[in-house]
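Next come the chains, spelled out residue by residue.
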Amino acid sequence: MTAFRSSARRARATGGHALAPTLALATTLALAIAGCGAGTTGTTPQASAQAPTPAPATATPAPTATPAPTPSPTAAPTDAPAAAATGNPEGLGGFAFPPGDVLDYYVSQGFVCKDPEPSTQAADYTSVRCLKTDDAGTTAIIALVVSNDGVTGNAFAGYINPAGAELPDKAASAAHLGGFLAAMLGTGLGAQAATWLATNFGAENLKETFGTVDALMYGENDEAGVGYYVEMANDAFMNAPAP
């Protein structure tokens, strides 16, 4: 179990619809993963989180993720909007971009998003989860939990194989999770967080704080699947009353 309140990642998705992409989130990611092995693949386990209406922003080119061959891990979105420079712009809950921008970017990358649902963890929050399964059956997950006034409070990403399978490929897992950290936290803090994840990849329930957001990495192996996760939460979400 994680130290965070959200248990949405355990819910298996059974369908969904793609949110129409209206804005692109620009993040060019460079990840160097040291000592990463490979696992096997499977079918489509999935998770849930939260977000309401996208907020307007300037459209920018879509990013690409490129694992670098060097042993020293780094991750830095190089062409993100200027608002992401601090990694903690005012009014975004400690995250770098409005939730709609993040969702639209992942939809543009082929993710399919479920209908928003009320959070089961925090009152006045809504969750949405987006999923992408590759040809081998490994599922990439991203999920946002957003307040009624449009501020992200909790977010997580997973890279999983079905229950009973081996762990998914470490390099691919770290690239997806590190990219999500960068997309959520912006150029500066996102690079720090992705480096933290790559350096400690595979650690169980390892927690760190980036700006005003707590991050947690962990693995999971249960009926929902087997794989790796990273989760972020701010104080507003953690202190919100239960529904």
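Residues numbered from 1 in each chain as written. Predicted model: local features only at pLDDT ≥ 70, side-chain atom pairs only at ≥ 80, totals over all residues. Heavy atoms only, no water.

> Quick question: what am I supposed to make of the overall build of the protein chain here?
What the protein chain contains, in helices and strands, is 4 helices and 10 strands. Going through the 243 residues of the protein chain one by one, you find that 53% of them count as buried. For the protein chain, restricting intrachain contacts to residue pairs at least 6 apart in sequence, the fraction spanning at least 24 positions comes to 70%. When the accessible surface of the protein chain is split by element, carbon and sulfur atoms take 56% of a total near 9,500 Å². (Helix = DSSP H or I, 4+ residues; strand = E, 2+ residues; numbered from the N terminus. Buried < 20%, exposed > 50% of the residue type's maximum accessible area, 1.4 Å probe, protein only. Contact = heavy atoms within 4.5 Å. Areas by Shrake-Rupley, 256 points an atom, 1.4 Å probe, with all protein chains shown as cover.)

> Just to check I follow, could you spell out the nonpolar core for this structure?
Most often, soluble globular proteins have nonpolar side chains that are buried together. Core analysis: the largest hydrophobic core is formed by 38 residues, its most contacted members being Phe180, Leu197 and Met232. Breaking this core down by element, the ones donating at least two residues are helix H1 (99-108), strand S5 (125-133), strand S6 (139-147), strand S7 (152-161), helix H2 (170-185), helix H3 (187-199), strand S9 (213-222) and strand S10 (225-233). With 7 residues, the single largest contributor to this core is H2. Not counting the four nearest positions on each side in its chain, leucine 197 is found in contact with Ala174, Leu177, Gly178, Leu181, Met217 and Val230. Judged by nonpolar contacts, the second largest core, of 8 residues, contains Leu131, Ala143, Phe156 and Leu216. (Core = buried A, V, L, I, M, F, W, Y, C linked by side-chain atoms within 4.5 Å.)

> Please clarify how the pairing of S9 should be interpreted in this entry.
Both faces of the sheet carry side chains from a regular strand, because those side chains alternate between them. Across the 10 residues that make up S9, a large majority, 8, are buried. Where strand S8 (residues 206-210) lies against S9, 5 bridges are found, and the strand directions are antiparallel. Bridge assignment links leucine 206 to a residue of S9, and that residue is methionine 217. Where S8 folds back on S9, the antiparallel hairpin that results is connected by 2 residues, among which glycine 211 adopts a positive phi of roughly 65 degrees. Sheet topology places S9 next to S10; 9 bridges connect them, and they run antiparallel. Its bridge partner lying in S10, glutamate 220 is registered against glycine 227. (Pairing = 2+ DSSP bridges.)

> Which parts of the structure should I look at to understand H3?
It helps to recall that an α-helix has 3.6 residues per turn; residues three or four apart then point in one direction. Relative to the 18 Å expected for 13 residues at 1.5 Å per residue, H3 spans 18 Å between its end C-alpha atoms, a close match to the ideal helical length. Within H3 the residues assigned to the buried category are Leu189, Gly190, Ala191, Ala193, Ala194, Trp196, Leu197 and Ala198. (Expected span 1.5 Å × (residues − 1).)

> Sorry if this is basic, but what is going on with the environment of glycine 227 here?
If you trace the backbone, glycine 227 turns up in strand S10. Note on glycine 227: relative accessible area 1%, which makes it buried. Once the C-alpha coordinates of glycine 227 and threonine 139 are considered, the two residues, 88 residues apart in sequence, prove to be 9.4 Å apart. In this view, glycine 227 contacts Tyr159, Ile160, Leu167, Pro168, Tyr218, Gly219 and Glu220; residues no more than four positions away in its chain are not counted.

> Hey, could you run me through the environment of glycine 153 in this one?
Tracing the backbone through its elements, the reader meets glycine 153 in strand S7. On the basis of relative accessibility, which here comes to 0%, the residue glycine 153 falls in the buried class. Considered as a pair, glycine 153 and methionine 238 are 85 residues apart in the sequence and their alpha carbons are 8.0 Å apart. Non-local contacts of glycine 153, meaning those with residues more than four positions away in its chain, are made with Phe95, Tyr125, Val145, Val146, Met232, Ala233, Asn234 and Phe237.

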